[in-house]
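The chain contents come next:
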Amino acid sequence: MSAQSPSPSPQYCRFTPHMAWLLAAPHTWPASILPVLVASAAAAVKSGVLSVTLTCALLVICVLMQAAVNTFNDYFDYVKGTDSAEDNVDPSDAVLVYNNVNPASALRLAVGFLVVAFLLGIYAIYVAGWIPLAIACVGALVVVLYSGGKTPISYLPIGEAVSGLVMGGFIPLACYQVLTRELEWLALVWAIPTVIGVGLIMFTNNTCDIEKDVDACRNTLSVKLGRERARKAYHALMYAWVAAIVAIVALWFTNGLVVVLFMLLAAYPLMNALRKNPLAPATRIGAMAQVCSVNVALGAFYAAAILASGSFVLVS
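Each chain carries its own residue numbering, running from 1 in the direction its sequence is written. Thresholds applied to this predicted model are a pLDDT of at least 70 for local features of residues and 80 or more for the giving and counting of side-chain atom pairs; totals over whole chains, interfaces and linings are not thresholded and use all residues. Only hydrogens and water are removed before side-chain values are computed, so all heavy atoms of the structure are retained for them.

## Focus on the packing of aromatic side chains
The cut-off we apply is this: Two aromatic rings from Phe, Tyr or Trp, using only the six-membered ring of Trp, form a pair when their centres are within 6.5 Å; if the ring planes differ by under 30 degrees the pair is stacked, by over 60 it is edge-to-face, and anything between is tilted. A run of H or I in DSSP counts as a helix once it spans at least four residues, and a run of E counts as a strand once it spans at least two, with each numbered from the N terminus. To sort residues, take the accessible area from a 1.4 Å probe on protein chains only and compare it with the maximum for the residue type: under 20% means buried, over 50% means exposed, and anything in between is partly exposed. A ring is scored as having a charge over it whenever the NZ atom of a lysine or the CZ atom of an arginine sits within 6 Å of its centre and within 35 degrees of its normal.
Throughout the structure, instances matching the rule amount to seven aromatic pairs. Relative to F76, the ring of F72 has its centre 6.2 Å away and its plane inclined at 15 degrees; by these criteria the two rings are stacked. Of the two residues, F72 and F76 both sit in helix α3 (residues 52-79), four residues apart, roughly one turn of that helix. As far as burial versus exposure is concerned, F72 and F76 are alike and both buried. Here the aromatic rings of F203 and Y234 are separated by 5.6 Å at their centres, their planes lie at 55 degrees, and the arrangement is tilted. Taken together, the residues span a long stretch of sequence, with F203 in helix α9 (residues 192-208) and Y234 in helix α12 (residues 227-252) at a distance of 31 residues. Feature note: the residues Y176, W190, W252 and F253 constitute an aromatic cluster, connected by ring pairs. Over the ring of Y155 we find R218; its NZ or CZ atom is 4.5 Å from the centre of that ring.

## Topic: the environment of G48
Defined as follows: Contacts are residue-level and defined by heavy atoms, with any inter-residue pair within 4.5 Å sufficient.
Of note, G48 is situated in the loop between α2 (30-47) and β1 (49-51). You can call G48 partly exposed: its relative accessible area is 22%. Separated by 132 residues in sequence, G48 and T180 place their C-alpha atoms 9.5 Å apart. What G48 contacts, discounting residues up to four positions off in sequence, is A43, S311, F312 and V313.

## Re the nonpolar core
Our working definition: Take the buried Ala, Val, Leu, Ile, Met, Phe, Trp, Tyr and Cys residues and link them wherever side-chain atoms come within 4.5 Å; each set so joined is a nonpolar core.
Counting 59 residues, the largest nonpolar core has W190, L200, Y234, F253, L298, Y302 and I306 as the members making the most contacts within it. Broken down by element, this core gets its largest block of residues, ten residues, from helix α14 (residues 284-308). Excluding anything up to four places from it in sequence, F253 contacts A42, V45, K46, W190, I248, A305, I306 and S309.

Written out as structure tokens, the structure reads:
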């Protein structure tokens, strides 16, 4: 008798550059770009000098780290069966769900993003020493633990706080140190608005996904609170976000207060629309677009207010 032939391996479609772009999720990049801009603005005003080359390198590094987070998250959610076509996800935001591609390709892409980010980080380490390397290692560890492991951070009630602190807090701290060569812990205070803004992106997603996360046994903060209490906490953080910007500019970057007035006028309709969003499964796509738009508006005006508070010289 002839031996039974092994079952054929799955036939996957080709993993395309467009799919890689979608996995990187550029619509979420404000979570990494704006903390760099805020830190760069503070470094320019406090030191009087801003390196364009170094700032651009830091932007690319942080965007690559963000792309890695997004890709790891999609990969682990897919292989664990958390994501499905019934979860009110945009096809462009769920590549592995809607395309018959090998999930291992997404894993390799995520690792590739991290490797390139660390290779570019050699420049920052050469300029500023070991401190940005230490912060980057902590960030990379959190990137992996956030979605991977037996109990990922994203499955716990601390997910919003961790993502906000690492991306909204550690990124500005590291960037400020690289640009000024000084480890200024006050930079973490100046980063409070970006900590809140980044944390709210995850809070938005988790509040919209409460029912899905309950089925997946994810104990997020929104699951613990329930939708009504989660929305109240969400609105309180929105007000704290704006209040933090006003207070920080008033205390440390006083001459930029005139910019804050324009920020309030520009951000009000965006924040009002987000405040009215029920943060339910059916409105998830719209809510994510709204919170990213608010991040861009508040973050850009915050950085502009800091820049308007002093003078500096651009160097290569």
